[in-house]
Amino acid sequence: MRRRALAVAIAAGLASLATPVAAAGKATIGSGPPSAGSQAGERAASAAASWRVALHYGADAPLDQLRAFDVVVVEPGHGYDPEAFARSAGGRSELYAYVSVGEVRAATPGETALPEAMLAGINRVWHSRIVDTAHPDWPLALLERLIAPLWAAGYRGFFLDTLDAWQALPGDDQLRERRRRALVRAIRLIKQRFPQARLIANRGFEIVDEVHTELDAVAAESLYGRWNQTSGRYEHVPETDRRWLLERLAHVRALGLRTLAIDYLPAADRAGQREIAARILSHGITPYVSTGSLDTIGTGPIQLEPRKVLVVYDHPDGAGLHQLAAHRLLSMPLQYLGYRVELLDITRAARLPVSSRDRYAAVVGAFESTLPREAGQRWLELLGRARSEHVPIALFFGFGVADAKDVADILGLHPLARAPASPLTLIDRDPAITGFETEVLPTQPAAALTVPDGARPLIRMRDRRGQSIDTVALTEWGGFALAPHAWRVHPKGENWVIDPISFLSLALAGGRLPFAPDVTTENGRRLLMAHIDGDGFASRAELPGSPFAAQVMLDQFISRYRIPHTVSVIEGEVGPQGLYPALSPTLERIARRIFARDNVEIATHSYSHPFSWSAAANGTRLDAAHARILEQGQGYDIERPHLPIEGYRFSLERDIVGSARYIDRDLAPPGKSVRMMLWTGDCLPTADAIGLAETAGLLNMNGGDTTITRRYPSLSRVAPMSIRRDGRLQVYAPNQNENVYTNNWTGPFYGYQQVIETFELTDKPRRLKPIDIYYHTYSASKQASIAALHRVYRYALAQPTLAIPASAYVEKVRDFESMTVGRVIASQGDPPDATTWEIRGNGQLRTLRIASDQLSRIDWQASPGIAGYLRGSDGTYLHLGGSTARLRLLDSPSRARPPPLLAWSDAHIGGLERDARSLRFRVNGTDAARVALRHPARCRVVIDGRTITQRHRSKTEGSPDSPVYEYGIDRDAARSGTLVSVHC
């Protein structure tokens, strides 16, 4: 008996429906398909793998992950926006509306828009009512009452379910035929009214011959594994049922239609889902294997690996999110490892998220205090769910509850029989992970317990009674690092006791990918950017003639150093309605000259330069901390949360959108417009402010506090790359500006040269950030600061970098957030000792970082979309050629000779093509460029249509059979996107 999908009510409006709850259990998969196939069978399997369909009927479908599928079937009553989804997916994925054709939700008369005469039976298993399709008005009712509203809502694809529900109704052969023909008429009506509609029929084998020209595909449930709604169990499909269904689906394919098999297994049985999907693929059928309630991310031709980590924290009153350890200390290490971070304040959570293995790669607890009772219970419930779903867990600082035994019981830890008695003695520690920035001290931990046999203590102490206490450990479910042996505040600052990146890498190994998307690097080169906040545009420089600082900035930096610059102005300083109306004509002329340069990207720094975005939005005064900063610095009116522009009443719209319109109208040259919003003041925009910028089409950046120096060499001074505020993404600047290095512009004014230390410490031993030359216009007003800036520019330009505008970095961070990674389901012809990964992004993020010892395992012939590699200090950078790539990793080192590959390029590449003996791509840059290629000496290299005969051997690491050669590309060729090809 097949599983009948959920019914959608045909009613005024699109009502959401309750989904059945799947019971736990593991199905027996049963016998497989005939062994090994012919070439035709392999072609059919390949065609089936090229089409990806997911079904998710939950109210909170994770659309950001599901867009890795071509088609995502959802229940429209949950309020999804199909047009917005298609835009976010770049047109590569589409939402289809689930439509129950033959059944509606069981209801009392009047709850559905169908008259009783159209409802002729009850499906007691699914609590739905069966439609009598023979009613003469039913086909038109289906079209007008359900399909048409969905079309108006933006849906263009429809999954037609319960097409054979009518067969459960009594009636003679003549009545049954009328019902069947009514289905045919209904489908034809849909296509007549909406010719562009794309239709997937769930079964309906009785009508497929007559409507196959109207359909795009036919689906069927339960080929190997099925869900029994009555018993609440997963079951094996009998061989006779499977053979019958395979015959029907083969007939459908003979009609030229795609076929989809929807099977059922528990979400935790990911290996079983992959096995069933592979068996389905071998029949030339597209698979989708999910839970009985279809409310998790199932397995199709790929199985998505979640990159999101749920970081659960407590929120002390008065603390800003950016100040909390969960964000400030843990987000950066997690992002470095390739994870997306989702922060959850457990004290204010209205409901718990679905902490399943398909959603989250891990759950991390970061508690600085003891939770209130109700919040503690929510945390224990979430922790228990994660444990039962086999989601890796890492706990930092404390356990979050008053009685550590509650957490210990869930995680299998052993609380001490008696309270620890001082003094404590350090008896063992792992030097590879502990003693990272400060020594391990034998101090009382946040909780006293020991780990079970088989776990790996990293710090172990003993008390006066001889009791062992483990404060940092790795376990089979993850690990924990308790205060003060994880991170410690002391009179000289704060430091990590453990290496948080190494610890998290090991603790979360069960949810780790073998590579990490990386936003610091492109084509093996560290990214370089320069962005300028507009403050001080009207300042006079302490130079002969007292020129405006803005003019000095243009002459000495923007014109001299031809890398891309993202430059902003504050309308309230430059514009005629601002602080300096008499100076405005001159300042505007300078701004126009700056914005006209081809190496300048235009940004706005607002209209009134809010010092505190929340205070400005709320109409409140500055707090004492903000006022002190202003008092030390430029002497603005400390009573106001923004510049004292006469008659101005703060408005987000005016400050963000209005300032961008002013620049576009009065300052930008033809063909250029404002690209970015650079946050001002405390750089803590509200979610509304970020949303307004997004709606206006502006990327946003600034904020974060990356200020690591040799005096303060702690990872706690390296900020994350971004933060979400009520779901809105704020991108942090990679490092801080001269205001920080000059003590809020009170001196020393040469202080910004210290940022070179920040650049160095965020490059080695781990590359954590790109280089960002970030300053204010007023840095061009003093001789000491001008000299410091020149030194910073000269240092940056001497490094092996690839220069980009700030917007390109923001796009990379956004790509990092949305990129999906899936394990490709093995099919006939794939080696059994390999795993193939598929990476899908928007084409902006171009680097994967992989452990260098994994490089020899890459099967380059089966890894299209990857242009090459370059070893770095913390791994090997793999260069992506576009928005989609595959990476096949063998279980053992490959013996095949690698094809020609890109070692590095200091310009962008595109149009990548690669096979066993050739490599082709285009180089796109704004200036002369160099590329380094890995290839044997005998290979022919052609650049811009000319065969290159003279070669320069590069110092870049190569191999005897694939040395590295460098090639130069002149400015004109780079600007035109010249073609580079290697033929071996």
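Residues numbered from 1 in each chain as written. Predicted model: local features only at pLDDT ≥ 70, side-chain atom pairs only at ≥ 80, totals over all residues. Heavy atoms only, no water.

Asker: How should the overall build of the chain be read in this particular structure?
Answerer: A tally of helices and strands in the chain yields 25 helices and 52 strands. For the chain, whose C-alpha radius of gyration is 31 Å, the value lies close to the compact-globule estimate of 30 Å for 984 residues. Every one of the 984 residues in the chain was classed for burial, and the buried ones make up 60%. At a minimum sequence separation of 6, the contacts of the chain that also span at least 24 residues come to 73%. (Helix = DSSP H or I, 4+ residues; strand = E, 2+ residues; numbered from the N terminus. Rg over C-alpha atoms; globule rule 2.2 N^0.38 Å. Buried < 20%, exposed > 50% of the residue type's maximum accessible area, 1.4 Å probe, protein only. Contact = heavy atoms within 4.5 Å.)

Asker: Is there a simple way to think about the packing of helix 11 (residues 373–388) against helix 12 (residues 404–411) in this case?
Answerer: To describe two helices that pack against each other, one gives the angle between their axes and the distance between the axes. Helix 12 packs onto helix 11 with a crossing angle of 15° between their chain directions and a minimal axis gap of 10 Å. Accordingly, the angle class assigned to the pair helix 11 and helix 12 is roughly parallel. The element helix 11 and its partner helix 12 pack so that their crossing is right-handed. When helix 11 is examined against helix 12, the residues W379, L380, L383, G384 and R387 are found in contact with a partner set consisting of D406, V407, I410 and L411. Along the lines of polarity and charge, the residues of the contact of helix 11 with helix 12 split into 6 nonpolar, 1 polar and 2 charged. (Axes fitted to C-alpha atoms, helices over the stretch in contact; angles between N-to-C directions. Parallel < 35°, antiparallel > 145°, perpendicular 65-115°, else oblique. Left-handed = near helix turned anticlockwise from the far one by under 90°. Nonpolar A, V, L, I, M, F, W, Y, C, P; charged D, E, K, R; others polar.)

Asker: Looking at this structure, I do not really get the pattern of salt bridges. What am I missing?
Answerer: Side chains that carry opposite charge are capable of pairing whenever their charged atoms lie near each other. What the rule picks out here adds up to 51 salt bridges. Across the pair R180 and E210 runs a salt bridge whose closest N-O atoms are separated by 2.3 Å. Of the two residues, R180 is situated in helix 5 (residues 173–193) and E210 in helix 6 (residues 208–211); the sequence distance between them amounts to 30 residues. Taking the relative accessible area as the measure of exposure, R180 reaches 13% and is therefore buried. Where salt bridges share partners, they join D64, K308, R340, E342, R724 and E817 into one cluster. (Salt bridge = Lys/Arg side-chain N within 4 Å of Asp/Glu carboxyl O.)

Asker: What is the right way to look at the state of the cysteines in this model?
Answerer: Formally, a disulfide is one covalent bond, and it connects the sulfur atom of one cysteine to the sulfur atom of another. Throughout the structure, instances matching the rule amount to 1 disulfide. Between C939 and C984 runs a disulfide, and the two sulfur atoms are separated by 2.0 Å. Residues C939 and C984 are joined by a disulfide whose S-S torsion is about 110°; by sign, that bridge is right-handed. Here C939 is found in the loop between strand 47 (929–934) and strand 48 (940–943), whereas its partner C984 is found in the segment after strand 52 (978–983), with 45 residues between them in sequence. Classification of C939 as buried rests on a relative accessible area of 2%. (Disulfide = S-S within 2.5 Å.)

Asker: Would you explain the sheet that holds strand 6 (residues 128–131) in this entry?
Answerer: Either a parallel or an antiparallel arrangement is found when strands of a sheet pair, and the pairing is made through backbone hydrogen bonds. With antiparallel pairing, the 3 strands of this open sheet are ordered in space as 4-6-5. With one partner strand each, in any of the chains shown, strand 4 (103–105) and strand 5 (119–123) form the two edges of the open sheet. When strand polarity is set aside, the average angle formed by the axes of neighbouring strands in this sheet is 35°. Bridge analysis of strand 4 against strand 6 gives 3 bridges, and the strand direction is antiparallel. The residue bridging E103 from the neighbouring strand is I130, located in strand 6. (Pairing = 2+ DSSP bridges.)

Asker: Any chance you could explain the nonpolar core here in plain terms?
Answerer: Soluble globular proteins tend to bury their nonpolar side chains together. L55, V73, V99, W138, F158, F159 and L215 are the most contacted members of the largest nonpolar core, which has 89 residues in total. In contact with V73, other than residues within four places in its own chain, are V53, A54, L55, H56, Y57, Y96, Y98 and F159. With 69 residues, the next largest nonpolar core counts A549, I656, A693 and V755 among its residues. (Core = buried A, V, L, I, M, F, W, Y, C linked by side-chain atoms within 4.5 Å.)

Asker: Help me understand the confidence of the model for the chain, please; the structure alone is not making it clear to me.
Answerer: Close reading of the predicted structure is inappropriate where its pLDDT is low. Looking at the chain as a whole, the pLDDT averages 90, with 92% of positions reaching at least 70. A low-confidence stretch, residues 107–111 (pLDDT under 50), is modelled with 5 contacts involving residues beyond four sequence positions or located in other chains. (pLDDT = per-residue confidence, 0-100.)

Asker: Sorry if this is basic, but what is going on with the environment of G691 here?
Answerer: For G691, the position within the fold is in helix 20 (residues 687–695). Separated by 149 residues in sequence, G691 and E542 have C-alpha atoms that sit 40 Å apart.

Asker: Would you mind going over the packing of helix 4 (residues 138–152) against helix 5 with me for this structure?
Answerer: Remark: helix 4 packs on helix 5, axes separated minimally by 8 Å, with the N-to-C direction vectors making an angle of 40°. It follows that helix 4 is oblique to helix 5 by the angle criterion. Between helix 4 and helix 5 lies a crossing of right-handed hand. Between helix 4, through W138, P139, L140, L142, L143, E144 and I147, and helix 5, the contact on the second element is made entirely by A182, L183, R185, A186, L189, I190 and R193. When the residues that make up the contact of helix 4 with helix 5 are grouped by side-chain class, the tally is 11 nonpolar, no polar and 3 charged.

Asker: Would you mind going over the sheet that holds strand 52 with me for this structure?
Answerer: In spatial order, the strands read 45-46-52-48-49; together these 5 strands make up an open sheet with antiparallel pairing. Looking at the sheet topology across the chains shown, the edges are occupied by strand 45 (908–914) and strand 49 (946–947).

Asker: How should the environment of L321 be read in this particular structure?
Answerer: By secondary structure assignment, the location of L321 is in the loop between strand 15 (308–313) and helix 9 (325–328). Excluding anything up to four places from it in sequence, L321 contacts Y313, H315, H327, L343, I723 and R724.

Asker: Can you walk me through unusual backbone geometry in this structure?
Answerer: For residues that are not glycine, phi is negative in most cases, and the peptide bond is trans in most cases. At the junction of A483 and P484, the peptide bond is cis and its omega measures out at 0° in the coordinates. Here P484 lies in the loop between strand 24 (478–482) and strand 25 (487–490). In the segment running from G747 into P748, the intervening peptide bond is cis, with an omega of 0°. In this fold, P748 is placed in the loop between helix 21 (738–741) and helix 22 (755–761). If you check the backbone angles, H390 has positive phi at about 60° while not being a glycine. Within the fold, H390 resides in the loop between helix 11 and strand 18 (393–397). In the Ramachandran plot, D726 falls in the positive-phi region, its phi being about 50° despite a non-glycine side chain. You can see D726 is positioned in the loop between strand 34 (722–725) and strand 35 (728–731).

Asker: Which parts of the structure should I look at to understand helix 5?
Answerer: For an α-helix the count is 3.6 residues per turn, leaving residues at separations of three or four pointing the same way. With 21 residues, helix 5 extends 30 Å from end C-alpha to end C-alpha; this agrees with the ideal 30 Å at 1.5 Å per step. When helix 5 is considered as a whole, its buried residues turn out to be R179, R180, A182, L183, V184, A186, I187, L189, I190 and K191. Structurally, helix 5 contributes buried residues whose contacts are with helix 4, strand 7 (157–161), strand 8 (198–202) and helix 6. (Expected span 1.5 Å × (residues − 1).)

Asker: Please explain the packing of aromatic side chains as it appears in this structure.
Answerer: When we look at a pair of aromatic rings, we describe it by the centre distance and by the angle of the planes. Scanning all chains against the criterion turns up 28 aromatic pairs. With centroids separated by 6.2 Å and ring planes inclined at 65°, the aromatic side chains of F557 and Y775 adopt a geometry described as edge-to-face. Here the residue F557 occupies a position in helix 14 (residues 549–558), and Y775 occupies one in strand 36 (residues 771–776), the gap between them amounting to 218 residues. Take F557: its relative accessible area is 0%, and that puts it in the buried class. One Lys or Arg, R849, reaches over the ring of Y336 and ends 3.8 Å from the middle of that ring. Over the ring of Y965 we find R951; its NZ or CZ atom is 5.7 Å from the centre of that ring. (Phe/Tyr/Trp six-rings, centres within 6.5 Å; stacked < 30°, edge-to-face > 60°. Lys NZ or Arg CZ within 6 Å of the ring centre and 35° of its normal.)

Asker: Looking at this structure, how should I read the environment of R886?
Answerer: Inspection of the secondary structure assignment puts R886 in strand 43 (residues 884–890). Residue classification places R886 among the partly exposed positions, given a relative accessible area of 27%. Taking the C-alpha atoms as reference points, R886 and G703, 183 residues apart in sequence, are found 35 Å from one another. Here the side chain of R886 touches E838 through a polar contact of 3.3 Å, side chain to side chain. (Polar contact = N/O pair within 3.5 Å; in protein donor to acceptor, adjacent residues only side chain to side chain.)

Asker: Help me out: how do you make sense of helix 16 (residues 584–596) in this one?
Answerer: Spanning 13 residues, helix 16 covers 18 Å between terminal C-alpha atoms, matching the ideal 18 Å at 1.5 Å per step. Here helix 16 has its buried residues at S584, L587, E588, I590, A591, I594 and F595. Viewed along the axis of helix 16, the buried residues span an arc of 160°, placing them on a single side of the element. Contact partners of the buried residues in helix 16: helix 14, strand 30 (565–569), helix 15 (571–574), strand 31 (600–604) and helix 19 (652–666). (Arc of directions from axis to C-beta.)

Asker: What is the right way to read the side chain of H315 from this model?
Answerer: For H315, the position within the fold is in the loop between strand 15 and helix 9. The exposure class of H315 is buried, given its relative accessible area of 16%. In terms of polar contacts, H315 uses its side chain to reach the side chain of D345, at 3.4 Å. Excluding residues that lie within four positions of it along the chain, H315 makes contacts with G320, L321, L324, D345, T347 and R348.

Asker: I'm lost on the pairing of strand 10 (residues 225–228) in this one. Help?
Answerer: Across a regular strand the side chains alternate sides, sitting on one face of the sheet and then on the other. Taken together, the 4 bridges between strand 10 and strand 11 (residues 233–236) define a ladder with antiparallel strand orientation. Opposite G225, over in strand 11, you have H236 as the bridge partner. The antiparallel hairpin formed by strand 10 and strand 11 contains 4 residues in its connecting segment, where G232 sits at a positive phi of about 70°.

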